[in-house]
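Structural features, examined
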Amino acid sequence: MPSEFYKGVELTSRHELAHEISKMRQIVDGIGVLSSCIESIWCDSKAGASYSVAVKPGKWRDALPDAIAASTYATGGYNAIYIEAEDDRSRILDADWPGDAMEMELLDAAEVVEAERVSQLQKGLLPNGFLDRLRAAIPLSEVVGRWVKWDARKSNFSKGDYWAACPFHDETTTSFHVDDQKGFYYCFGCHAKGDIITFVKDKQNLSMIQAVRRLAFAAGLDHELLPATPAPPTILQLKEVIVENFTKEHFLEVGIVTGWTNYIRSHDRLLRSLSWNDPDYAGNVLEMLAAMEARGDGSFAKLQEYIATTFSEQAHVVTQTAVFSAAKSVLGYQYTTPRNDIIGVMMPFQPSFGPVYDAIREACGDTPLPAKRADEVWTHSTVISDILELINHSAVVICDLTGRNENVFYELGIAHAWGKTVIPITQNAADVPFDLRHHRYLSYLNNGEGLKAMRRELGKRLTGLLGHSPDEF
Ligand SMILES: [Zn+2]
């Protein structure tokens, strides 16, 4: 990077831009006599006019920051000035633009994001003010801190001012800024910006709703998002059973059991459409079910019970579905219809397992599905839901039982409970619990030859279950 000296100050332009050099000359001129205390100025206008100003050793003057800020502002504004000086005097001057142009731009972006979000989420999912409470519950720096290493020199932690190398683009400098008080981040390099929700969404490749759910879980607010009443499919299944089996007598019994005799008798079409076999009958049944569920007086549960005992054969499916989906909710994570589009890999995360995972990933490469590892997540309570989601959507779950790692065993238990196909692997057969030994586990040695053999054998098992990758021909 070429640089030049102007009045004894070394000026460097990151992108070798003549206009940056001329701006830095103006800054030196503006600072006046104090410029003799400055060693160098560095500028990066692509990062939105960011400057780094180094003060000569032993030449600190308290008037320097103001003088530097004022003369830089006079050249048209700046996003950040990093003043580098001895004795803990280094500091960052926050963005200052005439009319605070940059701040306005950020706020506009925030508003657009928020508007999009509300329209996406306004389907009864979010209670009022939920997003604000969510943002207040988890500091942005805590979440971002899982992906970056803070630049302790540039950051001012007590002020909620954090800097790091950007997690969204490749860089050696630290142009990623987190303002914990505003709850906003901005990268002066790639201009990535947003709040805690956009961060999780973009970083973990999620939909907005998934990101909100994940954060809600971390914040302990997830119970507010869960539906309080049984899901609609249960109603529809009950309707099927009633339409198939109910006589007038059944309705009268339901009236007695639930206390809804009045509704059932006074409904002008329900019993009538039943006896005349009218086409609106199913609709009338559904109307009653929806009314019962909405009332929340316990009648709906009583009806479920009545049907379960009266039509045990037909109702088996109905009650089992309801019970099963409630039991499948773990630690606040709501089990959903599996996508079966990944191969979940549960293993300890010590570095010695790195080559093991590489071998597993290669074996998965033989199939159409990618491997995904539940990585390091147990060190952060934030993301236990990540593991549950991973297991939920896995077509096959590979569990490395080596060393009897307790987290892997926990995950194995959930995978079994959710009916997943599990392939246990281990470096030591003694690590496989007795009652799992009838499963076909796969032993391997953690060395070059051993991993090659494991990769081959695992590849065979996986393709036996999942078929071959389309590009394997
Ligand atoms: Zn960036």
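Counting from 1, residues in each chain are numbered in the order their sequence is written. Side-chain atom pairs in this predicted model are given and counted only at pLDDT of 80 or more, local residue features only at pLDDT of at least 70, and totals for whole chains, interfaces and linings cover all residues. By convention in this description, side-chain values take in all heavy atoms of the structure and omit both hydrogens and water.

Bringing the sheet that holds strand β12 (residues 371–373) into the picture now. By this definition, two strands are paired if DSSP reports at least two bridges between them. Secondary structure follows DSSP: runs of H or I at least 4 residues long count as helices, runs of E at least 2 residues long count as strands, and numbering of each begins at the N terminus. Pairing is parallel in the open sheet, where five strands are placed in the order β12-β11-β13-β14-β15. The sheet terminates laterally at β12 and β15 (442–443), the two strands that pair on one side only. Pairing between strand β14 (residues 421–426) and β15: two bridges, direction parallel. Among the inter-strand pairings, T426 is bridged to a residue of β15, identified as S443. The strands touched by helix α17 (residues 406–417) are β11 (342–346), β13 (394–400) and β14; relative to β13, the strand with the most contacts, the crossing angle is about 150°. The contact definition used throughout considers only heavy atoms, calling two residues in contact when any of these lie within 4.5 Å. Working convention: axes come from line fits to C-alpha atoms, limited for helices to the stretch in contact. Angles between N-to-C directions cover 0 to 180 degrees.

Across the protein chain, the average pLDDT comes to 81, with 82% of residues at 70 or higher. Across residues 227–233, where pLDDT falls below 50, the model places three contacts with residues more than four positions away in sequence or in other chains. Both scores are available for the predicted complex, with the pTM at 0.36 and the ipTM at 0.98. Confidence scores here are pLDDT values: one per residue, from the predictor, ranging 0 to 100.

Right, let's talk about the sheet that holds strand β9 (residues 184–187) for a bit. Across the sheet, which stays open at both edges, the four strands sit in the order β7-β8-β9-β10 with antiparallel pairing between neighbours. The sheet is open, and its two edges are formed by β7 (161–164) and β10 (193–194), each paired on a single side. Note: β7 against strand β8 (residues 176–179), four bridges, orientation antiparallel. Bridging from a neighbouring strand, W163 pairs with H177 of β8. Most of the contacts of helix α6 (residues 196–203) go to β9, to which it runs at about 55°, and overall it touches β8, β9 and β10.

Moving on: the coordination of the zinc ion. Only nitrogen, oxygen and sulfur atoms within 2.8 Å of the metal, or 3.2 Å for Na, K and Ca, are treated as donors, and water is left out, so sites may look incomplete. Protein coordination at the zinc ion comes from C166 (SG), H169 (ND1), C187 (SG) and C190 (SG), with a distance range of 2.0 to 2.3 Å. Every donor counted, the four donor atoms about the zinc ion form angles of 101 to 119° at the centre, which fits tetrahedral coordination. For the zinc ion, the donor residues sit on a single chain with the sequence spacing C-x2-H-x17-C-x2-C. Think of it in three bands: with a 1.4 Å probe and only protein chains considered, a residue is buried below 20% of the maximum accessible area for its type, exposed above 50%, and partly exposed in between. Judged by its relative accessible area of 7%, C166 is buried. A site with four donors is called tetrahedral when every donor-metal-donor angle falls between 85 and 135 degrees; four donors are called square planar, and six octahedral, when opposite donors sit more than 155 degrees apart and all other angles fall between 65 and 115; any other arrangement is irregular.

Here helix α16 (residues 384–392) crosses α17 at 40°, and the two axes come no closer than 10 Å. By the angle class used here, α16 and α17 are oblique. With respect to the hand of their crossing, α16 and α17 are arranged in right-handed fashion. Taken together, the residues of α17 that come into contact with α16 (itself represented by I387, L388 and I391) are E411, I414 and A415. Put simply, angles under 35 degrees are roughly parallel, angles over 145 are roughly antiparallel, angles from 65 to 115 are roughly perpendicular, and the rest are oblique. Crossing handedness is read from the near helix: turned anticlockwise from the far helix by less than a right angle, it gives a left-handed crossing, and turned clockwise, a right-handed one.

This part covers the pattern of salt bridges. What makes a salt bridge here is a side-chain nitrogen of Lys or Arg within 4 Å of a carboxyl oxygen of Asp or Glu, nothing more. Summed over the entire model, instances satisfying the criterion amount to 18 salt bridges. The shortest N-O distance in the salt bridge between D132 and R135 comes to 3.0 Å. Within this pair, D132 and its partner R135 are both found in helix α4 (residues 130–137), separated by three residues, close to a single helical turn. Residue R135 is classed as partly exposed on the basis of its relative accessible area of 23%. The salt bridge partner of D341 is R339, with a shortest N-O separation of 3.0 Å. For D341, a relative accessible area of 30% puts it in the partly exposed group.

Our next topic: the packing of aromatic side chains. The criterion for an aromatic pair is that two Phe, Tyr or Trp rings (for Trp, the six-membered ring) have centres within 6.5 Å, with stacked assigned to planes under 30 degrees apart, edge-to-face to planes over 60 apart and tilted to the rest. In total, this model carries 15 aromatic pairs according to the counting rule given. Judged by centre distance (6.4 Å) and plane angle (50°), the rings of F176 and F199 are tilted. With F176 in strand β8 and F199 in helix α6, this pair connects stretches of sequence that are 23 residues apart. When its relative accessible area of 0% is taken as the criterion, F176 is described as buried. Using a relative accessible area of 0% as the deciding quantity, one classes F199 as buried. The interplanar angle of 85° and the centroid separation of 5.0 Å between the aromatic rings of Y186 and F188 together place this pair among those described as edge-to-face. F188 matches Y186 in its accessibility class, with the two residues each being buried. One aromatic cluster is present, formed by W147, F168, F176, Y185 and F199 through successive ring pairs.

One broad rule of soluble globular proteins: the nonpolar side chains tend to lie buried together. Throughout this description, the term nonpolar core refers to a set of buried Ala, Val, Leu, Ile, Met, Phe, Trp, Tyr and Cys residues connected via side-chain atoms within 4.5 Å. In terms of nonpolar packing, the biggest core is built from 28 residues, with L134, V144, F176, V178, I197 and L215 touching the most fellow members. Elements with a contribution of two residues or more to this core: α4, α5 (140–144), β7, β8, β9, α6 and α7 (208–219). By residue number, the principal contributor to this core is α7, which donates five residues. What L215 contacts, discounting residues up to four positions off in sequence, is L134, I138, V143, I196, I197 and V200. Membership of the second largest hydrophobic core comes to 27 residues, among which are V9, M24, C43 and V55.

Examined against the element boundaries, T258 turns out to sit in helix α9 (residues 248–258). With a relative accessible area of 8%, T258 lands in the buried category. A 3.5 Å cut-off defines polar contacts: any pair of N or O atoms within that distance qualifies, except that in protein one atom must be a possible hydrogen donor and the other a possible acceptor, and neighbouring residues in sequence count only when both atoms are side-chain atoms. Of note is the side chain of T258, whose polar atom sits 3.2 Å from the backbone nitrogen of W260. Sequence-distant contacts of T258, that is, excluding residues within four places in its chain, are made with M292, S299, K302 and L303.

Once that is clear, we can look at the pairing of strand β6 (residues 91–96). In terms of strand pairing, strand β5 (residues 78–84) meets β6 through five bridges, oriented antiparallel. Looking across to β6, one finds that A80 is bridged to D94.

Turning to the packing of helix α12 (residues 281–295) against helix α13 (residues 299–310), a few remarks are in order. The N-to-C vectors of α12 and α13 enclose an angle of 125°; their axes lie 7 Å apart at closest approach. On the basis of their axis angle, the class for α12 and α13 is oblique. Residues M288, L289, M292 and E293 of α12 touch α13, and the partners they reach there are S299, F300 and L303. The residue inventory of the contact of α12 with α13, partitioned by class, reads five nonpolar, one polar and one charged. Just so you know the grouping, Ala, Val, Leu, Ile, Met, Phe, Trp, Tyr, Cys and Pro go in nonpolar, Asp, Glu, Lys and Arg go in charged, and all remaining residues, Gly too, go in polar.

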